[in-house]
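For reference, the chains in residue letters:
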Amino acid sequence: MEKYFLFPTCVVEKELLYSITHNNCIIEKIDLKNNKVICIDNPDGYNSKEWSGADNILLYNQKIYFFEQNGKRIMEYSVTDKKTRYFDLNLQAYLYFNYAYCTIWDNRIYIFPSFINEIIIVDLQTGKIMKKEKFCDDLYYIFNKEKINCIPGTDLNFPYRLFSCGCQVKNTIWIFTEKSQKVIKFDLLTEKIEQYILPRMIKGCVHAVWKNKKFYLLSLEGFVYVWKYEKNEIEMLYDEKKNCQYPYFHRIAVTDKNIWLIPFFGDDIYIVDKMTKKYSFYNEYPKDFCYFGGYERCRFYGYSEDKNNYYFAMHSANYLLIIDKLTGKEKWIKPINPTMQEMQKYYMKNYGSNFNEYEWKLKNYLKFSLSKKNIQDNSSIGNLIWENMFNLKIGERNN
């Protein structure tokens, strides 16, 4: 059942990690004190069957904001009164990657789309949605004209983005472009826009981290750069000598001691020592660690952070990866998922008896039926079916 509780991204607040599951869009939280997973009852107005998943999550004033991965809408969920509110964005340019960066400032949500040259502003007090068009005046972009071919020999690809990622530094948002050297700074106080030009071309900046007055940048090719924007100096800190032809890495975790390179379609985690600039393969995984899914499912996707740690969501892995920002040490947490009986109660309460065999597979689906009784002899129908199937051997058939 582990893979049914995987989630692409998360947000952390006071030792609680909130997410929406990838498979069936259940809102859940992990208590980081005891690692227990709690499935949250569907709030009013939320139908997980009509939700495409969330690849961005923010928390503000005891409310969680889930950004639908297809760009259609935002769901506001109140932790205190369990109520929801929706904001229609209509940014459905692609199945995912629709948001370069999102943040909340002074009761407003600021959204910087990946494929559209504009800023979306949601006023949380009035509910009004505003747009600032031509975020960057002199950028030319046609959606889906060029694609990134991921794994050689497959048809797995996705379109290049106009804006690939962002980073917040106090009251400013820095947005990086995927196919040019331009970086756009947006001031949240004045809404003033400035442009910077990187001193060298970075092919596809996919993640940016601000630390100690410097930007650490991860490129599509797997290179790590350090950009001192005040002097406009850039240095390559790590050179991906494997020269991967697809996005091997997707995130970096910059600590006081080292930099963790977190894989996207790659299999390995790398660690770069900030002093020596030497890298090593990480190999201290838990004994039962595994990734679910095939080549088309990326290893890690989203993450959250607080003052002390990075928390990398379980997009494919069966463990939650936590990296300490001070020491650079890692911690793996294996969540304690709900039991089958707890999930049965959850489904009965939230969906009636409409269990989905696609989500839970035949074995678990039949176990759900254990409480269904045969009126004639009070036997368990689900148990009888499962016991008969279990006793069958492949290749045997009764005539």
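One can find the structure itself at the top, above this paragraph.
Residues numbered from 1 in each chain as written. Predicted model: local features only at pLDDT ≥ 70, side-chain atom pairs only at ≥ 80, totals over all residues. Heavy atoms only, no water.

Draft legend 1. Inspection of the overall build of the chain at higher detail. Each helix and strand in the chain was counted, giving 3 helices and 30 strands. Counting every position in the chain, which comprises 399 residues, the buried fraction comes to 53%. Sequence separation of 24 or more characterises 44% of the internal contacts of the chain that already satisfy a separation of 6 or more. Carbon and sulfur atoms make up 47% of the accessible area of the chain, which totals about 19900 Å². (Helix = DSSP H or I, 4+ residues; strand = E, 2+ residues; numbered from the N terminus. Buried < 20%, exposed > 50% of the residue type's maximum accessible area, 1.4 Å probe, protein only. Contact = heavy atoms within 4.5 Å. Areas by Shrake-Rupley, 256 points an atom, 1.4 Å probe, with all protein chains shown as cover.)

Draft legend 2. Region of interest: the sheet that holds strand 19 (residues 205–211). The antiparallel open sheet is built from 4 strands, whose spatial order is 19-20-21-22. Edge positions in the sheet fall to strand 19 and strand 22 (233–238), since each of these pairs with one other strand and no more. On average, each strand axis in the sheet is tilted by 25 degrees relative to the strand beside it, whichever way the strands run. With 6 bridges connecting them, strand 19 and strand 20 (residues 214–219) associate as antiparallel partners. Paired with Trp210 across the bridge in strand 20 is Phe215. (Pairing = 2+ DSSP bridges. Axes fitted to C-alpha atoms, helices over the stretch in contact; angles between N-to-C directions.)

Draft legend 3. Main features of unusual backbone geometry. Its identity is not glycine, yet Cys25 carries a phi of approximately 55 degrees, on the positive side. Mapped onto the elements of the fold, Cys25 is located in the loop between strand 2 (16–20) and strand 3 (27–31). Accessibility expressed as a relative area gives 5% for Cys25, which makes it buried. Of note in this structure, Lys170 is not a glycine but carries a positive phi near 55 degrees. Tracing the backbone through its elements, the reader meets Lys170 in the loop between strand 15 (163–169) and strand 16 (172–177).

Draft legend 4. Here's a closer look at the environment of Tyr346. Tracing the sequence through the fold places Tyr346 in helix 1 (residues 340–351). Classification of Tyr346 as buried rests on a relative accessible area of 5%. Between the C-alpha atoms of Tyr346 and Ile40, which are 306 residues apart in sequence, the distance is 8.6 Å. Look past the residues within four positions of Tyr346 in its chain and what remains in contact with it is Ile26, Cys39, Ile40, Asp41, Asn42 and Tyr351. Only 3.5 Å separates the side chain of Tyr346 from the side chain of Asn42, close enough to count as a polar contact. (Polar contact = N/O pair within 3.5 Å; in protein donor to acceptor, adjacent residues only side chain to side chain.)

Draft legend 5. Spotlight on the pattern of salt bridges. Tallied over the entire structure, the rule returns 14 salt bridges. Across the salt bridge formed by Lys132 and Glu191, the nearest N and O atoms sit 3.0 Å from each other. One end of the pair, Lys132, is in strand 12 (residues 129–133); the other, Glu191, is in the loop between strand 17 (182–187) and strand 18 (193–197), and 59 residues separate them in sequence. Classification of Lys132 as partly exposed rests on a relative accessible area of 32%. Overall, the relative accessible area of 23% leaves Glu191 in the partly exposed class. One network of salt bridges, in which partners are shared, links Arg108, Asp123, Lys132 and Glu191. (Salt bridge = Lys/Arg side-chain N within 4 Å of Asp/Glu carboxyl O.)

Draft legend 6. Highlighting the sheet that holds strand 16. As summarised here, the arrangement of the 4 strands in space is 15-16-17-18, forming an open sheet in which the pairing is antiparallel. Of all strands in the sheet, those bounded by a partner on one side alone are strand 15 and strand 18. The sheet shows a mean angle of 25 degrees between the axes of neighbouring strands, direction not considered. Relative to strand 16, strand 15 runs antiparallel, the two being bridged by 6 bridges. Note on strand 16: the bridge partner recorded for Gln168 is Ile173.

Draft legend 7. Seen up close, helix 1. For helix 1, built from 12 residues, the straight-helix expectation of 16 Å at 1.5 Å per residue is met to within 8% by its first-to-last C-alpha distance of 15 Å. Along helix 1, the residues that are buried comprise Met340, Met343, Gln344, Tyr346, Tyr347, Asn350 and Tyr351. One face of helix 1 carries all of its buried residues, which in axial projection span an arc of 165 degrees. Seen from the open side of helix 1, the exposed residues pointing more than 90 degrees away from its buried face are Gln341, Lys345 and Lys349. The positive-phi residue at the C-terminal boundary of helix 1 is Gly352, with phi of around 70 degrees. (Expected span 1.5 Å × (residues − 1). Arc of directions from axis to C-beta.)

Draft legend 8. Spatial organisation of the side chain of Glu118. Here Glu118 is to be found in strand 11 (residues 118–123). Despite its burial, Glu118 pairs with no opposite charge; the closest candidate is Lys131, at 4.0 Å N-O. Excluding anything up to four places from it in sequence, Glu118 contacts Leu91, Ile111, Phe112, Pro113, Lys131, Lys132, Glu133 and Phe135. (Lys, Arg positive; Asp, Glu negative; His and termini not counted.)

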